[in-house]
Amino acid sequence: MRNPNNAPAFCKSDFEFGKLLGRGAVGRVWLVREKRLGRILALKCMRKRDILRYSSPAVLRRELCVHSTLRHRNVLRLYNWFSDSDNIYLLLEYAPGGDLFALHRPVSEPRARKLVAQTVEALAFCHSRGIAHRDLKLENILLGADGNVRLADFGWSAKDTQRRTTLCGTLDYLAPELATQKPHTRAVDAWALGVLAFELLVGRAPFTAPGRKETLQRITACTYTIPQSVSPLARQFLSSLLQTDPAKRMSLADARRHPWILKPSDSIQSKENSSPKD
Ligand code: AMP
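What counts and how
Residues numbered from 1 in each chain as written. Predicted model: local features only at pLDDT ≥ 70, side-chain atom pairs only at ≥ 80, totals over all residues. Heavy atoms only, no water. UniProt positions renumbered as here; feature names shortened; annotations may be inferred. Helix = DSSP H or I, 4+ residues; strand = E, 2+ residues; numbered from the N terminus. Areas by Shrake-Rupley, 256 points an atom, 1.4 Å probe, with all protein chains shown as cover. Near = heavy atom within 4 Å. Polar contact = N/O pair within 3.5 Å; in protein donor to acceptor, adjacent residues only side chain to side chain. 1 Å grid on protein atoms, 1.4 Å probe; cavity = no way out; pocket = protein on both sides within 12 Å on 5 of 7 lines; lining within 4 Å. Sits in = over half its atoms within 2 Å of the grid points. Core = buried A, V, L, I, M, F, W, Y, C linked by side-chain atoms within 4.5 Å. Buried < 20%, exposed > 50% of the residue type's maximum accessible area, 1.4 Å probe, protein only. Contact = heavy atoms within 4.5 Å. Pairing = 2+ DSSP bridges. Axes fitted to C-alpha atoms, helices over the stretch in contact; angles between N-to-C directions.

In the annotation of an unreviewed UniProt entry, the entry for the protein reads Aurora kinase, and the organism field reads Starmerella bacillaris. A UniProt comment under Sequence similarities (unreviewed entry) is attached to the protein, and it reads "Belongs to the protein kinase superfamily. Ser/Thr protein kinase family. Aurora subfamily."

So this is what it looks like as structure tokens:
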């Protein structure tokens, strides 16, 4: 598998390995130091045999091609990749803040607003490049060295020029059109953004039920309740995104200028992608 721009190939011995940062479905992510330049990076190691079992080389190639072209302050950088006989390695920006799943939830409303506003920026950027992410969830949002959002994991991403039918994503975040296996568009990302904002504000996912079937039923019926602790503007933001009909669902362009996102008290901080502290 060729790396971007045919850049000089790396090998595993070019790095000093530090701590294990996490495990995913197809690999482990290590903190590494590049011996030559001293750069601190995250190295995602995926076994080729696991890729064949859980995914496919074609899917991975598409992910790498998509991800390596995306340059935005709220999108995790993929710098390069290389392989040996057993593994494929991705050289990623190190995100020292870890992923949003690790946050104690619910988070304060200003903090939720900042994280959601930056996620909207990342998604809007991907959409402007014709790419739907299709697997937005807390685990796929990391926090960079500056404390700001880095959207990661483009394994399910797709060029969204046409309507697609592949079932993809994670159960709790599935949009109704995906749950009912109808063709879908980039609007699935707006639905998932609503689920993500709900999880940050409420501390649990909106549609989760004891069983898969019941969760799918709740999603398709759009059955959820927002606790009174959530402010009226935030409720309005959530209900505009959690619309069964994709045509009635708030677009990312409208999410960006929603009054909850632009609320004066902390809008400057959200817009500037600045300090992690609220
Ligand atoms: P993944 O295999 O991409 O799902 O990653 C598994 C876990 O490793 C994530 O949930 C993160 O906690 C951690 N992780 C992945 N990539 C990075 C990174 N670039 N920087 C820091 N932690 C990461």
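A. Fine view of the overall build of the protein. Secondary structure assignment for the protein yields nine helices and nine strands. Approximately 13,400 Å² of the protein is accessible, and the part contributed by carbon and sulfur atoms is 52%.

B. Structural detail: the site of the ligand. Near the ligand you find 15 residues, and of these Gly 22, Lys 44, Glu 93, Ala 95 and Asp 99 are the closest. In this structure, an oxygen atom belonging to the ligand sits 2.8 Å away from a side-chain N or O atom of Lys 44. Across the complex, the protein chains shield 85% of the 480 Å² of accessible surface that the ligand would expose by itself. Among the detected pockets, the ligand sits in the largest pocket. Breaking the shell around the ligand down by element, the ones donating at least two residues are strand E1 (15–24) and strand E3 (40–47).

C. Focus on the nonpolar core. Ranked by size, the top nonpolar core spans 55 residues in total, and within it Val 116, Leu 193 and Phe 237 carry the most contacts. Looking at this core, the elements with two or more residues in it are helix H3 (109–128), strand E7 (141–143), strand E8 (149–151), helix H4 (176–179), helix H5 (187–202), helix H6 (212–221), helix H7 (232–241) and helix H8 (252–256). By residue number, the principal contributor to this core is H5, which donates twelve residues. The residues touching Val 116, leaving out its near neighbours within four places in the chain, are Leu 193, Ala 197, Leu 200, Phe 237, Trp 260 and Ile 261.

D. Representation of the sheet that holds E1. In spatial order, the strands read E1-E2-E3-E5-E4; together these five strands make up an open sheet with antiparallel pairing. The open sheet has two free edges, formed respectively by E1 and strand E4 (78–83), since each of these has just one partner strand. Each strand axis lies, on average, 25 degrees off the axis of its neighbour in the sheet, ignoring direction. Bridge count for E4 against strand E5 (residues 87–92) is five bridges, and the pairing is antiparallel. Within the sheet, the bridge partner assigned to Trp 81 lies in E5 and is Leu 90. Across the face of the sheet, helix H2 (residues 57–68) comes into contact with E3, E4 and E5 while running at roughly 150 degrees to E4.

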